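One letter stands for each residue in the lines below.
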Amino acid sequence: MSQRMSRRVAAGLWWGCLAASPAWADDAKAFSIGLQGSGHATLADVGLPGYPGAMPNGESHGDTPAASFGAWAGSFGLRINVMKFQVADSPARVAAFYARALGRHGAVLDCREPAARVKPPKDSDKLSCDEGVPPAGEYEFRAGTARQFRVVHVSPQGDGGARFELARIVLGN
C-alpha cells in the first residue's frame, strides 16, 4: 500500500471513529479516542540495546527503517514501536545477542520450540508465540507478558549477514 493510500485510510478510520463515538464535554472521565503514527522510533522506545555495527534497514526505496503506531478508544489501547536493521554478522550471532538482551524483560520464548507456541488460557497474562514456526534459518524470540512484550526476528541476508527487526507491543491503556 502506498504511503498516500495509508494516510487516506488512517484519516478515514480516524474520522469514522470520531463520528461514531459519543462526546461528553463536562464529564471528568470523558471518552477518548485517538490514532497516532510516525516514521520514527528509537531503541529506547523498543527497550532493547543496539547491536554493535548494525545499520538501519529500509528494505526498499521509500521504506522507513523505524515506525511507531498508537491507537486508543476508551479502555482499549495499542502501541507498537518497530525498528529494522542489517549487519554483517551471522543470524545465529545476532540471535544469541538478543536472546540474552530479552532476558531482562522476563522469560525468553524461542518461537522455534513447540512449547513456546502453546496458547495459554484466555484469562492468563502468559506470553506465547504465534502458531507458525519461523522459516528454517530464521529466529524469533519474545519476552514479557501477553499485554506488554518485545519481539526480535532475525533472518539471513544474501551476503552471509543478517537482517533483524525489533518490536515492542503494548496492549491496553
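Each residue is numbered by its place in its chain's sequence as written, counting from 1. Where local features are concerned, this predicted model is filtered to residues with pLDDT of at least 70; where side-chain atom pairs are given and counted, the filter is 80 or more; whole-chain, interface and lining totals use all residues. Excluded from the side-chain calculation are hydrogens and water; included are all heavy atoms of the structure.

Helix and strand counts for the chain stand at three helices and eight strands. To qualify as a helix, a DSSP run of H or I must reach at least 4 residues; to qualify as a strand, a run of E must reach at least 2; elements of each kind are numbered from the N terminus. Reading the helices (α) and strands (β) of the chain from amino to carboxyl end gives α-β-α-β-β-β-α-β-β-β-β. Residue exposure (1.4 Å probe, protein chains only): buried if accessible area is under 20% of the type maximum, exposed if over 50%, otherwise partly exposed. Considering the chain as a whole, with its 173 residues, one finds that 34% of them fall into the buried category. Contacts between residues were defined by any pair of non-hydrogen atoms, one from each residue, lying within 4.5 Å. The long-range fraction of contacts in the chain, counting pairs at least 24 apart against all pairs at least 6 apart in sequence, stands at 60%. Accessibility throughout is a Shrake-Rupley quantity obtained with a 1.4 Å probe, and a residue counts as covered only by protein chains that appear here. Element-wise, carbon and sulfur atoms account for 57% of the exposed surface of the chain, whose accessible area totals about 10400 Å².

Looking now at the pattern of salt bridges. We count a salt bridge whenever a side-chain nitrogen from Lys or Arg sits within 4 Å of a carboxyl oxygen from Asp or Glu. For the coordinates displayed, the defined rule picks out four salt bridges. When the shortest N-O distance is used, the salt bridge between R93 and D89 registers 4.0 Å. When its relative accessible area of 55% is taken as the criterion, R93 is described as exposed. For D89, a relative accessible area of 26% gives the class partly exposed. A salt bridge links R142 to D130, with the shortest nitrogen-to-oxygen separation between them at 3.1 Å. Of the two residues, R142 is situated in strand β6 (residues 139-144) and D130 in the loop between β5 (108-110) and β6; the sequence distance between them amounts to twelve residues. Overlapping salt bridges bring together D130, E140 and R142 as one network.

Moving on, we get to the environment of H153. Among the structural elements, H153 can be located in strand β7 (residues 148-156). Each C-alpha atom, one on H153 and one on R142, is 9.0 Å from the other, the two residues being eleven residues apart in sequence. Non-local contacts of H153, meaning those with residues more than four positions away in its chain, are made with E138, Y139, E140, R163, F164 and E165. Under this definition, polar contacts are N or O atom pairs within 3.5 Å; protein pairs additionally need one hydrogen-donor-capable and one acceptor-capable atom, and for neighbouring residues in sequence, both atoms have to be side-chain atoms. Side-chain polar atoms of H153 contact the side chain of E138, separated by 2.7 Å.

Since the α-helix advances by 3.6 residues per turn, residues separated by three or four positions end up pointing in the same direction. To estimate how far a helix should extend, the number of its residues minus one is multiplied by 1.5 Å. Here helix α3 (residues 91-102) spans 16 Å end to end across twelve residues, near enough to the 16 Å set by a 1.5 Å rise per residue. Within α3, burial applies to P91, V94, A95, Y98, A101 and L102. Across the axial projection of α3, the buried residues extend over an arc of 125°, all falling on one side. Projecting away from the buried face of α3 at angles above 90 degrees are the exposed residues R93 and R100. Those residues of α3 that are buried lie in contact with β4 (76-87), β5, β6, β7 and β8 (162-171). Here the arc refers to the set of directions running from the helix axis out to each C-beta atom.

The pLDDT score gives, residue by residue, the confidence of the prediction method on a 0 to 100 scale. Confidence along the chain averages 83 in pLDDT terms, with 80% of residues attaining 70 or more. The low-confidence segment residues 1-27 (pLDDT under 50) makes 13 contacts with residues lying over four places distant or belonging to another chain.

Of all ten residues making up β8, eight are buried, and the element is well covered by its neighbours. For two strands to be treated as a pair, DSSP must find no fewer than two bridges joining them. Sheet topology note: the β4/β8 ladder contains ten bridges and is antiparallel. Across the sheet, the residue bridging to F85 is F164, located in β8. Here nine bridges tie β7 to β8, and the two strands are oriented antiparallel to one another. Of the residues in β8, the one forming a bridge with P156 is A162. Adjacent in sequence and paired antiparallel, β7 and β8 are bridged by five residues, among which G160 carries a positive phi angle near 95°.

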